[in-house]
Amino acid sequence: MSKYLLRRLMIVIPSVIGISIVLFTVLALAPGDPFEELATNPNVPPEVRANLRAKFGLDDPVALRYVRWAGSMLVGDWGFSFASRIDVEHLILQRLPTTLIVIGMSQLLALAIALPVGIYAATRPYSIFDQIASTLALIGFSLPTFFTGLLFILVFSIHLDWLPFVYRADIAAEGWRFYWEHFRQALMPVAVLGLFQGASWTRFVRSAVLDVIRLDYVTTARAKGLAERAVVMKHVVRNALIPVVTLVALQMPTIFGGAIVTEQIFRVPGIGSLLISAILANDTPVIMAVTFVLSCLVILFNLIADVLYGWLDPRITYR
Amino acid sequence: MVGVVILGAIVLGVLVGPWLWPVAINDIDFTARLKAPSLAHPFGTDDLGQDVLARMIYGGRISLAVGFAAMMIAIIAGTLIGAVAGMARGSVDAVLMWLTDLFLSLPQLPFLLLIIYLFQGALKTLVGPEIGVFILIVAVIGMFRWMPVARLVRAQFFSLREKEFVEAARALGASTSRQVVRHILPNSLGPVIVAGTIDVAAAIIAESTLSFLGLGFPPDIPSWGRLLYDAKDYLDIAPHWALFPGAAIFLVVLSISYIGDGLRDALDPRKVM
């Protein structure tokens, strides 16, 4: 197992390097100057700007700049936010936990929907339950998150007035009320993301289980006299989950995209809304850092998927 | 089938709409601000008293055009890369597939936002704001959608190039390009068409998302996502303003998904039961 992990980690490194190269190339190709903010500011004389350019090495060749940038990213010096006047790494560390909590909870919700519904629908293909579930799944994944978000606000916040639609980090309450308020305000973002993911995963789970359930070894298991429940849970689902894990890992970039939109709608103070506000404020260091962090998170989750893969299918581990 | 009918109706409505509903999209009328749907304004009005139906017809053209144009780019780029990788094999194939995997693991939305943020200004000055933003959005969305197509085409090439009919063409002295263009490529396009259908939906959603975040089209070009973005601050007093464009996006994506599912079932020989 540890050998397998090590091998996977070795593959991660070139991907991170590749992404950092893509990111840097985009920035280097872009017209305009990251110091444009200073250039348009009449209080900054041109010679100060030239000094700054020299200090940050902006006049050096691209390859040298990349090496220097990558080096400082490695030692944790991620630059300085133009807009909020604090170090980028602090800003990101502040915002990251909220995002991870919201995404994590929505994924749990999605799994809680997709696994039972998908498995049950696949064990009874073309039954009424299956048809209703498939239709709902198709509708659920055709509804873009920004529209469901607005619908939820319209129904639950404006018409019914049950839930707050602005996420607040500073809740003036203690004890169980504190957690209750947090739960209430997290409910809608988590539901929007979770339902969207759950809908598309239901389709994956259903088709994966359908592929497995008619294989010969399942018939054998049934012929041995195993209970239907044991056949499905032990024999079918474990094997059906292997392609599902792959598809879920491939969906990771989409999930982060959805999280950015959801955070923006509900004003969740996470890393996604940080990205949007940084773009609107022309805050280049923050934009670069957030994009890089999100890319690394995607790679991290792909790694976790690979490890899960090895656990689900021991043949892969000791290959 | 239902999908084809719904999508056809929306496309038709968007194309001939301006003749049936000849109201200017920027006709400002402050006496009719944020009005609920009525006979004079079937879809209501927005905060400047502009007719939402007229703006939706116009926006539909934009959204659908972006969807189809981005799909074309994704399919052309994907087919090209997949074909080169499938024919070349060896190290060229390895490099191209590494690139494909790299693009697959990039978080698309942040990169879309980043590229649009960085390049918007330059293109605007180069070809004007409307066309500039359109080209940029289409190119960038297409650039992040070609990977599945490339993989499909490559896999098809690997199996097709060993088939007897290609070997026969080779034995007859057909050049490599003739083998590819006349024999392999036409036979590998089935799954590509399915992937392309789904790409249209994905591109429409991507464009709406960008516009919804306020980073897509400028306010004077009301694409559906932009309409939602403008409407979201008036949800409590004018919900119709957000509901109609949202429903339009939903219907288009849903019908395209249905068409994609139907096409896949029709083209996939491995049918489930």
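In short, a report on the structure. (Residues numbered from 1 in each chain as written. Chains lettered and ligands numbered in written order. Predicted model: local features only at pLDDT ≥ 70, side-chain atom pairs only at ≥ 80, totals over all residues. Heavy atoms only, no water.)

**Points about the packing of aromatic side chains**
For the structure shown, the criterion picks out 6 aromatic pairs over all chains. Aromatic side chains A:F146 and B:F212 sit 5.1 Å apart centroid to centroid with 20 degrees between the ring planes, which places their arrangement in the stacked category. Placement of the pair is A:F146 in helix α7 (residues 145-159) and B:F212 in helix α9 (residues 189-212), with the two residues belonging to separate chains. Relative accessible area serves as the criterion here: at 0%, A:F146 is assigned to the buried category. Judged by relative accessible area, which is 1%, B:F212 ranks as buried. Between B:F103 and B:F144, the ring centres sit 6.0 Å apart and the planes meet at 50 degrees, which makes this aromatic pair tilted. Of this pair, B:F103 sits in helix α3 (residues 90-104) while B:F144 sits in the loop between α5 (129-143) and α6 (146-160); the two residues are 41 residues apart in sequence, bridging distant segments of the chain. For the pair B:F103 and B:F144, one class covers both residues: buried. The structure contains a cluster of three or more aromatic residues connected by ring pairs, namely B:F103, B:F111, B:F144 and B:W146. Its end group placed over the ring of A:Y126, A:R206 keeps NZ or CZ at 5.9 Å from the ring centre. (Phe/Tyr/Trp six-rings, centres within 6.5 Å; stacked < 30°, edge-to-face > 60°. Helix = DSSP H or I, 4+ residues; strand = E, 2+ residues; numbered from the N terminus. Buried < 20%, exposed > 50% of the residue type's maximum accessible area, 1.4 Å probe, protein only. Lys NZ or Arg CZ within 6 Å of the ring centre and 35° of its normal.)

**Remarks on the pattern of salt bridges**
Residue and element names in this part refer to chain B. Taken as a whole and judged by the stated rule, the model has 5 salt bridges over all chains. A salt bridge links D101 to R151, with the nearest nitrogen and oxygen atoms 2.5 Å apart. Linking D101 in helix α3 with R151 in helix α6, this pair joins segments that are 50 residues apart in sequence. (Salt bridge = Lys/Arg side-chain N within 4 Å of Asp/Glu carboxyl O.)

**Notes on empty space enclosed by the protein**
Residues and elements named next belong to chain A. Taken as a whole, this structure holds 1 cavity of 30 Å³ or more when the rule is applied. Taken together, A121, D130, A133, S134, A137, T202, R203 and R206 make up the full set of residues lining the largest cavity. Among the secondary structure elements, those contributing two or more residues to the lining of the largest cavity are α6 (128-142) and α8 (176-213). A class-by-class count of the residues in the lining of the largest cavity yields 3 nonpolar, 2 polar and 3 charged. (1 Å grid on protein atoms, 1.4 Å probe; cavity = no way out; pocket = protein on both sides within 12 Å on 5 of 7 lines; lining within 4 Å. Points joined across faces, edges and corners; volume = space filled by probe spheres on them. Nonpolar A, V, L, I, M, F, W, Y, C, P; charged D, E, K, R; others polar.)

**A few points about the environment of A:I242**
Residue and element names in this part refer to chain A. Looking at the secondary structure, you find I242 in helix α10 (residues 228-266). Spatially, the C-alpha atoms of I242 and T145 are 27 Å apart, while their sequence positions differ by 97 residues. In this structure I242 touches Y309, L312 and D313, once residues within four positions along its chain are discounted. (Contact = heavy atoms within 4.5 Å.)

**Topic: a nonpolar patch on the surface**
A cluster of nonpolar residues, A:M10, A:I11, A:I13, A:I17 and A:I21, forms a patch on the protein surface that exposes about 460 Å² of accessible area. Its relative accessible area of 42% is what places A:I17 among the partly exposed residues. (Patch = residues over 30% accessible without salt bridge, like charges linked within 9 Å, V, L, I, M, F, W, Y side chains within 5 Å. Areas by Shrake-Rupley, 256 points an atom, 1.4 Å probe, with all protein chains shown as cover.)

**Some remarks on the interface of chain B and chain A**
Quoted interface sizes are often the accessible area lost when the parts come together. At the junction of the two partners, chain B supplies 44 residues and chain A supplies 53 residues. Summed over both partners, the interface of chain B with chain A buries about 4100 Å², with 82% contributed by carbon and sulfur atoms. In this structure, the connection of chain B to chain A is made through 0 residue pairs in polar contact (both at pLDDT 80 or more). Elements with a minimum of two residues in the side of chain B that touches chain A: α3, α4 (108-127), α9 and α11 (239-267) of chain B. The dominant element in the side of chain B that touches chain A, judged by the number of residues it contributes, is α11(B), at 13 residues. Class assignment for the residues of the side of chain B that touches chain A results in 32 nonpolar, 6 polar and 6 charged. (Buried area = accessible area lost by both parts, 1.4 Å probe. Polar contact = N/O pair within 3.5 Å; in protein donor to acceptor, adjacent residues only side chain to side chain.)

**Regarding helix α1 (residues 2-29) of chain A**
Counted at 1.5 Å a residue, the expected span for α1(A) with its 28 residues is 40 Å, and the 41 Å between its end C-alpha atoms agrees. Among all positions of α1(A), only A:Y4, A:V12, A:S15, A:G18, A:I19, A:S20, A:V22, A:L23, A:F24 and A:V26 are buried. (Expected span 1.5 Å × (residues − 1).)

**Observations concerning the packing of α9(B) against helix α10 (residues 224-231) of chain B**
Residues and elements named next belong to chain B. Two elements in contact, α9 and α10, have axes whose closest approach is 7 Å; the angle formed by their N-to-C orientations is 30 degrees. When the interaxial angle is binned, α9 and α10 end up roughly parallel. Viewed along their axes, α9 and α10 form a crossing whose handedness is right-handed. Residues S208, S211 and F212 of α9 form the contact with α10, whose own contacting residues are G225, R226, L228 and Y229. A breakdown of the residues in the contact of α9 with α10 according to their chemical character gives 3 nonpolar, 3 polar and 1 charged. (Axes fitted to C-alpha atoms, helices over the stretch in contact; angles between N-to-C directions. Parallel < 35°, antiparallel > 145°, perpendicular 65-115°, else oblique. Left-handed = near helix turned anticlockwise from the far one by under 90°.)

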